[in-house]
Amino acid sequence: MKSDDQAASMALSALFLDIFRANGRLIAAGDQLIAPLGLTSARWQVLGAVAMATTPQPVAHLARDMGLARQGVQRIVNELADEDFVAFEDNPHHRRAKLVRLTPRGQQVMSAAHKLQRPWVDILAAGLDASKIAIAAEVLETLRNRLEDGTNPEGADQD
């Protein structure tokens, strides 16, 4: 392994640790931010995926887009349906895989979550350089794409 590659590998390992730490803090802060709406970060994330879909999607598609297990997303979608945040509708392409859509109540809670999130994001973004954020987003997208393309620990060479 070249020294440049080795330096990049070490830097990436350190970045992974920072991502794990930031993710934990992000989830905890998100839970606190939206608790008054009766949501958790996990529920908010799933509601957001439903809201961002251009058309109603089956749970399997939502889970794939989120990079999560279908079973976990199904459990959360069922909870959200029980509380009338989402509803199921027939899927013309699959008899059993229902489509998930936001209900009016789900739209209201997403709007309320956005109103809570906006000032919080503004505080977090204060003093940060937008071009550096764009670079960080690009690096994360590249890593996500490589992971989705099948780069996994089982395929790594053991030195």
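Residues numbered from 1 in each chain as written. Predicted model: local features only at pLDDT ≥ 70, side-chain atom pairs only at ≥ 80, totals over all residues. Heavy atoms only, no water.

1. Things to note about the pairing of strand S2 (residues 86-91)
For the record, the criterion: Strands are treated as partners if at least two bridges between them are detected by DSSP. A run of DSSP states H or I qualifies as a helix once it reaches four residues; a run of E qualifies as a strand once it reaches two. Both are numbered from the N-terminal end.
By the bridge criterion, five bridges tie S2 to strand S3 (residues 94-102) in an arrangement that is antiparallel. Bridging across to S3, Phe-88 finds its partner in Val-100. In this antiparallel pair of consecutive strands, S2 and S3, the connection spans two residues.

2. A closer look at the side chain of Asn-91
Going by this rule: Polar contacts here mean pairs of N or O atoms no more than 3.5 Å apart (in protein, one a potential hydrogen donor and the other a potential acceptor; neighbouring residues in sequence count only if both atoms are side-chain atoms). Two residues form a contact once any of their heavy atoms are found within 4.5 Å.
Along the chain, Asn-91 turns up in strand S2. There is a polar contact of 2.9 Å between the side chain of Asn-91 and the backbone oxygen of Ala-97. Apart from residues no more than four positions distant in its own chain, Asn-91 is found in contact with Pro-58, Ala-97, Lys-98 and Leu-99.

3. Here's the deal with the environment of Arg-21
Definition in use: Each residue is assigned to one of three classes by its accessible area relative to the maximum for its type, calculated with a 1.4 Å probe on protein chains only: buried under 20%, partly exposed between the two thresholds, exposed over 50%.
Its place among the elements puts Arg-21 in helix H1 (residues 3-34). Assessed through its relative accessible area of 53%, Arg-21 is described here as exposed. Once the C-alpha coordinates of Arg-21 and Ala-8 are considered, the two residues, 13 residues apart in sequence, prove to be 20 Å apart.

4. Observations regarding unusual backbone geometry
Phi is positive for Asp-84, close to 65°, though the residue is something other than glycine. Here Asp-84 lies in the loop between helix H4 (70-82) and S2. Note on Asp-84: relative accessible area 43%, which makes it partly exposed.

5. Details of the packing of helix H2 (residues 41-52) against helix H5 (residues 104-125)
For clarity, the cut-off: Between the N-to-C directions of two axes lies an angle of 0 to 180 degrees, each axis being a line fitted to C-alpha atoms and, for a helix, fitted only over the stretch in contact. Put simply, angles under 35 degrees are roughly parallel, angles over 145 are roughly antiparallel, angles from 65 to 115 are roughly perpendicular, and the rest are oblique. If you view the pair so one helix is near and one far, a crossing is left-handed when the near helix is turned anticlockwise from the far one by less than a right angle, and right-handed when it is turned clockwise. The classification used treats Ala, Val, Leu, Ile, Met, Phe, Trp, Tyr, Cys and Pro as nonpolar, Asp, Glu, Lys and Arg as charged, and all other residues, Gly among them, as polar.
Between H2 and H5, the shortest axis-to-axis distance is 11 Å and the interhelical angle comes to 115°. By the angle between their directions, the pair H2 and H5 is classed as roughly perpendicular. Judged by the sense of rotation from one axis to the other, the crossing of H2 with H5 is left-handed. For the pair formed by H2 and H5, the contact residues are Trp-44, Leu-47, Gly-48 and Ala-51 on the first element and Val-109, Met-110, Ala-113 and Gln-117 on the second. Tallied by class, the residues present in the contact of H2 with H5 amount to six nonpolar, two polar and no charged.

6. Some thoughts on the pattern of salt bridges
So the rule is basically this: By convention in these notes, a salt bridge is any Lys or Arg side-chain nitrogen within 4 Å of a carboxyl oxygen on Asp or Glu.
Applying the stated criterion to the full structure yields nine salt bridges. For the salt bridge of Arg-43 with Glu-83, the shortest nitrogen-to-oxygen distance reads 2.8 Å. Separated by 40 residues along the polypeptide, Arg-43 in helix H2 and Glu-83 in the loop between H4 and S2 bring together distant segments of the chain. With a shortest N-O distance of 3.8 Å, Arg-64 and Asp-65 are connected by a salt bridge. For the pair Arg-64 and Asp-65, one class covers both residues: exposed.

7. Concerning the nonpolar core
Most often, soluble globular proteins keep nonpolar side chains buried together rather than apart. Here is the rule we go by: Nonpolar core, defined: a set of buried Ala, Val, Leu, Ile, Met, Phe, Trp, Tyr and Cys residues in which side-chain atoms within 4.5 Å join the residues together.
Judged by nonpolar contacts, the single largest core of 23 residues is most densely connected at Leu-39, Leu-47, Val-73, Leu-80 and Val-86. Put simply, the parts of the chain that give this core at least two residues each are H1, H2, helix H3 (59-66), H4, S3 and H5. Examining the composition of this core, we find that five residues originate from one element, H2, more than from any other. Among all residues touching Leu-80, those that are not within four sequence positions of it are Leu-39, Arg-43, Val-46, Leu-47, Phe-85 and Val-86.

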